[in-house]
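One-letter residues, chain by chain:
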Amino acid sequence: FAVSPSVTGRDDAATVRIHNTNTGAVLRATFPVRRIAADDGGSRVVARVDGDCEIAGVPGTGAPIRLDFSDTQGKVTGSLLPSG
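In this report, we go over the structure that sits alongside the text. (Residues numbered from 1 in each chain as written. Predicted model: local features only at pLDDT ≥ 70, side-chain atom pairs only at ≥ 80, totals over all residues. Heavy atoms only, no water.)

**Quick look at the pattern of salt bridges**
Point 1. In total, this model carries 1 salt bridge according to the counting rule given.
Point 2. A salt bridge links Arg48 to Asp50, with the shortest nitrogen-to-oxygen separation between them at 2.8 Å.
Point 3. Residue Asp50 is classed as partly exposed on the basis of its relative accessible area of 42%. (Salt bridge = Lys/Arg side-chain N within 4 Å of Asp/Glu carboxyl O. Buried < 20%, exposed > 50% of the residue type's maximum accessible area, 1.4 Å probe, protein only.)

This is the structure we're talking about:
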């Protein structure tokens, strides 16, 4: 549901909002998607898992997932750093 092009408005990437229940903050995750054939003869959008993104110490590669924490700073302490 969240990666439907009618929801995201794009066929190449999807952005979903993630609610952090501890802080009440909302962060965003953006990841590549692709369209595949559906069983009913139509098509559907799914997250891509293939890609050239590497993480040191983790074997293999995969699709990148970009996390946006820009609206989460200071939700608990009121400032970017705990010391103010």
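**Regarding the nonpolar core**
Point 1. Among the nonpolar cores identified, the biggest contains 6 residues, and these are Ala14, Val16, Ala29, Phe31, Val33 and Val45.
Point 2. For this core, the secondary-structure elements that each account for two or more residues are strand 1 (13-19) and strand 2 (26-37).
Point 3. Top element by residues in this core is strand 2. It accounts for 3 residues. (Core = buried A, V, L, I, M, F, W, Y, C linked by side-chain atoms within 4.5 Å. Helix = DSSP H or I, 4+ residues; strand = E, 2+ residues; numbered from the N terminus.)

**Remarks on a nonpolar patch on the surface**
Point 1. Nonpolar side chains collect at one region of the surface, where Ile18, Ile65, Leu67 and Phe69 lie side by side and expose about 390 Å² of accessible area between them.
Point 2. Inspection of the secondary structure assignment puts Ile65 in the loop between strand 3 (43-47) and strand 4 (66-68).
Point 3. The class of Ile65 is exposed, set by a relative accessible area of 58%. (Patch = residues over 30% accessible without salt bridge, like charges linked within 9 Å, V, L, I, M, F, W, Y side chains within 5 Å. Areas by Shrake-Rupley, 256 points an atom, 1.4 Å probe, with all protein chains shown as cover.)

**Brief notes about the environment of Ala13**
Point 1. Mapped onto the secondary structure, Ala13 falls in strand 1.
Point 2. With 33 residues separating them along the chain, Ala13 and Val46 place their C-alpha atoms 9.8 Å apart.

**Section: the pairing of strand 3**
Where a strand is regular, its side chains alternate between the two sheet faces.
Point 1. Relative to strand 3, strand 2 is paired through 5 bridges, and the arrangement is antiparallel. Paired with Val33 across the strands is Ala47, a residue of strand 3. (Pairing = 2+ DSSP bridges.)

The values reported here are purely geometric and, on their own, carry no functional implication.
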